[in-house]
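In case you want the letters, here they are:
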Amino acid sequence: SYWDGKSAESLLSVCFLSSVGKSMSGRWEVGEVFIHSKVLVVDDKIAVIGSANVNDRSFVGNSDSEIGVILTDGDNPNPENVGCVKDFRLRLWRQYLGLSLDGQDD
């Protein structure tokens with residue numbers, strides 16, 4: 001399938017949003033836009049990444065704007081073979097634990 005042999009790096013991008021405009025004093029200012037995201041990983045087979053909260057503001061659709069993506073790895077008969085979702089989880093944990101992203105510190 002399309003996903004076979006692809007790493008998380010080739011499938012995911014990290015982007016930053018900024019707002020740019022003139023302040024009331026006439027100076028150009030740049031401000032970062034922060035997205036509060038959530039990640040759910042199930043059995044290293046499915047990852048749900050998005051901004052939605054479990055409340056009416058996110059689900060009703062007339063207040064907040066939300067975005068999300070689902071990553072899936074098909075049936076993988078070889079548990080030693082690291083799929084996209086497991087690679088994503090390991091890299092995310094390494095980042096939060098301050099370890100090298102390539103796994104040298106594992």
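As a reminder, the structure under discussion sits directly above these lines.
Report follows, based on the coordinates.

Conventions adopted
In every chain, residue numbers begin from 1 and rise along the written sequence. pLDDT decides what is reported in this predicted model: residues at 70 or higher carry local features, side-chain atom pairs at 80 or more are listed and counted, and totals for whole chains, interfaces and linings draw on all residues regardless. Side-chain numbers come from the whole structure's heavy atoms, not from hydrogens or water. Any two strands are treated as partners once DSSP identifies two or more bridges connecting them. The way it works is that DSSP assigns letters per residue, a run of H or I at least four long becomes a helix, a run of E at least two long becomes a strand, and they are numbered from the N terminus. Lines fitted to C-alpha atoms define the axes, with helix axes restricted to the stretch in contact, and inter-axis angles between N-to-C directions lie between 0 and 180 degrees. Any pair of residues with heavy atoms lying within 4.5 Å of one another is described as a contacting pair. Each patch is assembled from residues with relative accessible area greater than 30% and no salt bridge, linking like charges that lie within 9 Å and nonpolar side chains (Val, Leu, Ile, Met, Phe, Trp, Tyr) that lie within 5 Å. The protein chains shown are the only cover counted for residues, whose accessible areas, like all others here, come from Shrake-Rupley with a 1.4 Å probe. By definition, a salt bridge exists where a carboxyl oxygen of Asp or Glu is found within 4 Å of a side-chain nitrogen of Lys or Arg. To sort residues, take the accessible area from a 1.4 Å probe on protein chains only and compare it with the maximum for the residue type: under 20% means buried, over 50% means exposed, and anything in between is partly exposed.

Taken together, the three strands give an open sheet; going across it, the order is β3-β4-β5, and neighbouring strands pair in antiparallel fashion. Each end of this open sheet is capped by a strand with a single partner; those strands are β3 (38–42) and β5 (68–72). Taken pair by pair, the neighbouring strands of this sheet meet at an average axis angle of 10 degrees, ignoring direction. Both β3 and strand β4 (residues 46–50) contribute to a ladder of five bridges, which runs antiparallel. Each bridged residue has a counterpart across the sheet, and for K38 the counterpart in β4 is G50. Of the strands in this sheet, β3, β4 and β5 touch helix α3 (residues 84–97), which is tilted by about 130 degrees from β3.

Before going further, it helps to spend a moment on a nonpolar patch on the surface. On the surface, L40, V42, I46, V48 and I70 cluster together into a nonpolar patch covering about 410 Å² of accessible area. Put simply, the parts of the chain that give the nonpolar patch at least two residues each are β3 and β4. When you line up the elements, I46 lands in strand β4. What makes I46 partly exposed here is its relative accessible area of 36%.

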